[in-house]
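Analysis of the macromolecular model
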Amino acid sequence: GRAARGVLRTTQSADERAMLTQVASRLTCRAGARCMSAYAGGPIKVAVLGAAGGIGQPLSLLCKLSDHIDEVACYDVVGTPGVAADLSHIPSGAKITGDLPSAGTWPPSHNAGLERALTGASVVVIPAGVPRKPGMTRDDLFNTNASIVKTLVEGCAKFCPDAVLAIISNPVNSTVPIAAEVLKKAGVYNKNKVVGVTTLDVCRANTFLAEKLGKSPKDINVPVIGGHAGITILPLLSQVPGASALPADVTAALTHRIQFGGDEVVQAKAGSGSATLSMAYAGFLFTEGLIKAMKGEEVIQCAYVESTLTPAAYFASPCKFGPEGVKEVLGFGTLSAYEKQWFDKMVPDLQKQIAKGIDFVNSPA
């Protein structure tokens, strides 16, 4: 009976191998990334910090499946040896490791577990932190997650200063500036290599708009600009063919749903968590886009980065990526009158959230 269910088989069919490849390597262009092939590059190691959490586990799984990734280093304060052991049984090419913070030593030493996870990393994805619960905003997470991100990025400054950091930990509007300030203090800041992951906003926009237009989400590409919290999320629906014909009330409802899609999931999970599976998917899409760009492909995807497009020092917009991270921060085109109203409301909020992150690192304790 076990053999009949395929448990004892030790080889994969061509269809199974194709499925593994397609699950991971054909995803990037489905969330607003545009790609042109031109491969060049060496081994790629991705470190996932917070790998035992609700986002970290499925994100690590997707990375393990990717043909573009040679090693996945899982790090968290608990559980990562088990996560890595589990993932190691998957018949894909990526090496997998799992590390915990190293035990205390005398004389005091650095965190050897974090060092092992980060050393040699090309990309560090950081979903670490506590999730939102009903009634909480992303900003309510600030005190806990700000400290976590600060500590982890201090490790990145020591052990992989040239890696691209992809920040998922909320509130992203503040944690990206925190990461930047930590790296500045260490003398290793590169604005092209510190990015906030806003891909889930693009995924939601593509999914929700496709439903309204009766199209496939893979045929929709909504630019989403601003930040990654509430009204700072601004989907530019007017720039998508067919969307301008939607009634004003439908556009308003879509915009609100995209801005507060995270709340929809938090409420539906009724206290058991936030958007983890969809965020892991979006985080993987973004990570694989980074890697494809490192290997020579031309990739354009939205990201929250240091920017001069607006009065806000950090801003999400379409960005062109290359071998060294952000190659060019692209403009976002013309806004509709409705979008301009949201833009004017959003910028002051975004500036406050950025300042909060900067002050966290630079203000006396």
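Note that the coordinates shown come from a computational prediction; the quantities given were computed from them, not determined experimentally.

Conventions and cut-offs
- Residues numbered from 1 in each chain as written.
- Predicted model: local features only at pLDDT ≥ 70, side-chain atom pairs only at ≥ 80, totals over all residues.
- Heavy atoms only, no water.
- Phe/Tyr/Trp six-rings, centres within 6.5 Å; stacked < 30°, edge-to-face > 60°.
- Helix = DSSP H or I, 4+ residues; strand = E, 2+ residues; numbered from the N terminus.
- Buried < 20%, exposed > 50% of the residue type's maximum accessible area, 1.4 Å probe, protein only.
- Lys NZ or Arg CZ within 6 Å of the ring centre and 35° of its normal.
- Pairing = 2+ DSSP bridges.
- Core = buried A, V, L, I, M, F, W, Y, C linked by side-chain atoms within 4.5 Å.
- Contact = heavy atoms within 4.5 Å.
- pLDDT = per-residue confidence, 0-100.
- Salt bridge = Lys/Arg side-chain N within 4 Å of Asp/Glu carboxyl O.
- Expected span 1.5 Å × (residues − 1).
- Arc of directions from axis to C-beta.
- Right-handed = clockwise from strand over helix to strand, strands pointing away.

**Considering the packing of aromatic side chains**
One pass over the full model with this rule turns up seven aromatic pairs. Seen from their ring centres, Phe 142 and Phe 360 are 5.6 Å apart, and the 90 degrees between their planes marks the pair as edge-to-face. Pair noted here: Phe 142 is in helix 5 (residues 142–159) and Phe 360 is in helix 11 (residues 337–362), with a separation of 218 residues, a long-range link. Taking the centre distance of 5.7 Å and the plane angle of 90 degrees together, the rings of Phe 286 and Phe 321 count as edge-to-face. Here Phe 286 is found in helix 10 (residues 277–294), whereas its partner Phe 321 is found in strand 11 (residues 314–322), with 35 residues between them in sequence. For Phe 286, a relative accessible area of 0% corresponds to the buried category. A network of ring pairs unites the aromatic residues Phe 315, Phe 332 and Phe 343 as a single cluster. Between the NZ or CZ atom of Lys 345 and the centre of the ring of Trp 342, over which it lies, the distance is 4.8 Å.

**As for the pairing of strand 5 (residues 123–126)**
Taking every second residue as pointing to the same face, both faces of strand 5 are buried, with Val 123 and Val 125 on one and Val 124 and Ile 126 on the other. Bridge count for strand 2 (residues 45–49) against strand 5 is three bridges, and the pairing is parallel. Each residue of the ladder has a partner; that of Ala 47, found in strand 5, is Val 124. Summarising the sheet, strand 5 and strand 6 (residues 164–167) pair through four bridges and their orientation is parallel. Bridge assignment links Val 123 to a residue of strand 6, and that residue is Val 164.

**A look at the nonpolar core**
Ranked by size, the top nonpolar core spans 48 residues in total, and within it Leu 49, Leu 118, Val 124 and Phe 343 carry the most contacts. With eight residues, helix 5 is the single largest residue contributor to this core. With residues up to four places along the chain from it excluded, the contact list for Val 124 reads Ala 47, Leu 49, Leu 118, Cys 156, Cys 160, Ala 163, Val 164, Leu 165 and Ala 166.

**Focus on the confidence of the model for the protein**
Looking at the protein, pLDDT values average 88 and 86% of them are 70 or higher. When the criterion is pLDDT under 50, residues 1–12 qualifies, and its contacts beyond four places in sequence or with other chains add up to eight contacts.

**Here's the deal with the side chain of Asp 201**
One can find Asp 201 in helix 7 (residues 199–213). Apart from the residues lying within four places of it in its own chain, the contact partners of Asp 201 are Val 224, Gly 227, His 228, Ile 233 and Ile 258.

**Looking at the pattern of salt bridges**
For side chains of opposite charge, pairing can occur when their charged atoms come near one another. Tallied over the full model, the rule gives nine salt bridges. The residue Lys 193 makes a salt bridge to Glu 324 at a minimum N-O spacing of 3.1 Å. Pair noted here: Lys 193 is in the loop between helix 6 (172–186) and strand 7 (194–196) and Glu 324 is in the loop between strand 11 and strand 12 (325–329), with a separation of 131 residues, a long-range link. For Glu 324, a relative accessible area of 51% corresponds to the exposed category. Arg 257 is paired through a salt bridge with Glu 211; the nearest N and O atoms lie 3.5 Å apart. On the criterion of sequence distance, the pair formed by Arg 257 in helix 8 (residues 248–259) and Glu 211 in helix 7 is long-range, its members being 46 residues apart. Residue classification places Arg 257 among the partly exposed positions, given a relative accessible area of 30%. The exposure class of Glu 211 is exposed, given its relative accessible area of 54%. Each of Glu 211, Arg 257 and Glu 264 takes part in one network of salt bridges that share partners.

**Points about helix 8**
Its twelve residues give helix 8 an end-to-end C-alpha distance of 16 Å, which sits within 8% of 16 Å, the value for a rise of 1.5 Å per residue. Taken together, the buried positions of helix 8 are occupied by Thr 251, Leu 254, Thr 255, Ile 258 and Gln 259. All buried residues of helix 8 project into a common sector of 130 degrees when viewed along the axis, lining one side. Where helix 8 is buried, its residues meet helix 7, strand 9 (233–235), helix 9 (261–269) and helix 11.

**Side note on the pairing of strand 2**
Counting buried residues along strand 2, five of its five residues qualify, which places the element largely inside the surrounding structure. Both faces of strand 2 are covered, namely the face carrying Lys 45, Ala 47 and Leu 49 and the face carrying Val 46 and Val 48. When strand 2 meets strand 3 (residues 71–75), the two strands line up parallel, connected through five bridges. Looking across to strand 3, one finds that Ala 47 is bridged to Ala 73. Regarding topology, helix 2 (residues 56–65) serves as the crossover connection from strand 2 to the parallel strand 3, and that connection is right-handed.

**Describing the environment of Gly 56**
Relative to the assigned elements, Gly 56 resides in helix 2. With 71 residues separating them along the chain, Gly 56 and Pro 127 place their C-alpha atoms 6.2 Å apart. Contacts of Gly 56, omitting those with residues within four sequence positions, involve Val 48, Gly 50, Ala 51 and Pro 127.

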